[in-house]
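# Chain and residue survey
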Amino acid sequence: MIHKLQILPNNKDSFQKLIKFAKIILDICKNLKTIPIVYGGLAYFYYTKDQNIPVGDLDILVPESSFQSLIKIFQEKELNIKRFLNGKALYV
């Protein structure tokens, strides 16, 4: 679940697009009963409310056992996927 933020980072336009994308990804995880862990810039911003940092991407950890199901759904939704780190990471 993404809570509505009252404060936005300094790149608010791209951040709002990122949040829309995050909702899609988190809904997919919810449907797969996969619990994602959000970290990186978005997590930092959420907890600190530091408007001076841009949040430019979405970093999420999911169990490796969910990868094949996630990949299948991403492909069905025509999202571009790149695998790296010997297949242990996805770039969507």
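One can find the structure itself at the top, above this paragraph.
Before going into details, it helps to say that this report is about the structure given with it. These figures come from a predicted structure and were not determined experimentally.

## Thoughts on the overall build of the protein chain
- Per the secondary structure count, the protein chain includes three helices and four strands.
- Moving toward the C terminus, one meets the helices and strands of the protein chain in the order α-β-α-β-α-β-β.
- Rg of the C-alpha trace for the protein chain: 14 Å, near the compact-globule value of 12 Å for 92 residues, within the 12% margin.
- For the protein chain, the spread of C-alpha atoms along the three principal axes comes to 35 × 25 × 20 Å.

## Some remarks on helix α1 (residues 12-31)
- The end-to-end C-alpha distance of α1, which contains 20 residues, comes to 28 Å, matching closely the 28 Å that a straight helix rising 1.5 Å per residue would cover.
- Buried within α1 are the following residues: Phe 15, Leu 18, Ile 19, Ala 22, Ile 25, Leu 26, Ile 28 and Cys 29.
- Those residues of α1 hidden inside the fold are in contact with α2 (41-48), β2 (59-61) and α3 (67-76).
- Just downstream of α1, Lys 33 is the residue with a positive phi angle, here 60°.

## Points about the nonpolar core
- Counting residues in each nonpolar core, the largest one holds eight residues, listed as Phe 15, Leu 18, Ile 19, Ala 22, Leu 42, Phe 45, Val 55 and Leu 58.
- At the level of elements, α1 and α2 are the ones that each hand at least two residues to this core.
- By residue number, the principal contributor to this core is α1, which donates four residues.
- Dropping the residues within four chain positions of it, Leu 58 is found in contact with Leu 18, Phe 21, Ala 22 and Leu 42.
- Ranked by size, the runner-up nonpolar core spans six residues in total, among them Ile 25, Ile 28, Leu 70 and Ile 73.

## With respect to unusual backbone geometry
- In this model, Lys 49 sits at a positive phi of 60°, which is unusual for a non-glycine residue.
- Of note, Lys 49 is situated in the loop between α2 and β2.
- Lys 49 sits in the partly exposed class, given a relative accessible area of 35%.

Cut-offs and rules
- Residues numbered from 1 in each chain as written.
- Predicted model: local features only at pLDDT ≥ 70, side-chain atom pairs only at ≥ 80, totals over all residues.
- Heavy atoms only, no water.
- Helix = DSSP H or I, 4+ residues; strand = E, 2+ residues; numbered from the N terminus.
- Rg over C-alpha atoms; globule rule 2.2 N^0.38 Å.
- Expected span 1.5 Å × (residues − 1).
- Buried < 20%, exposed > 50% of the residue type's maximum accessible area, 1.4 Å probe, protein only.
- Contact = heavy atoms within 4.5 Å.
- Core = buried A, V, L, I, M, F, W, Y, C linked by side-chain atoms within 4.5 Å.

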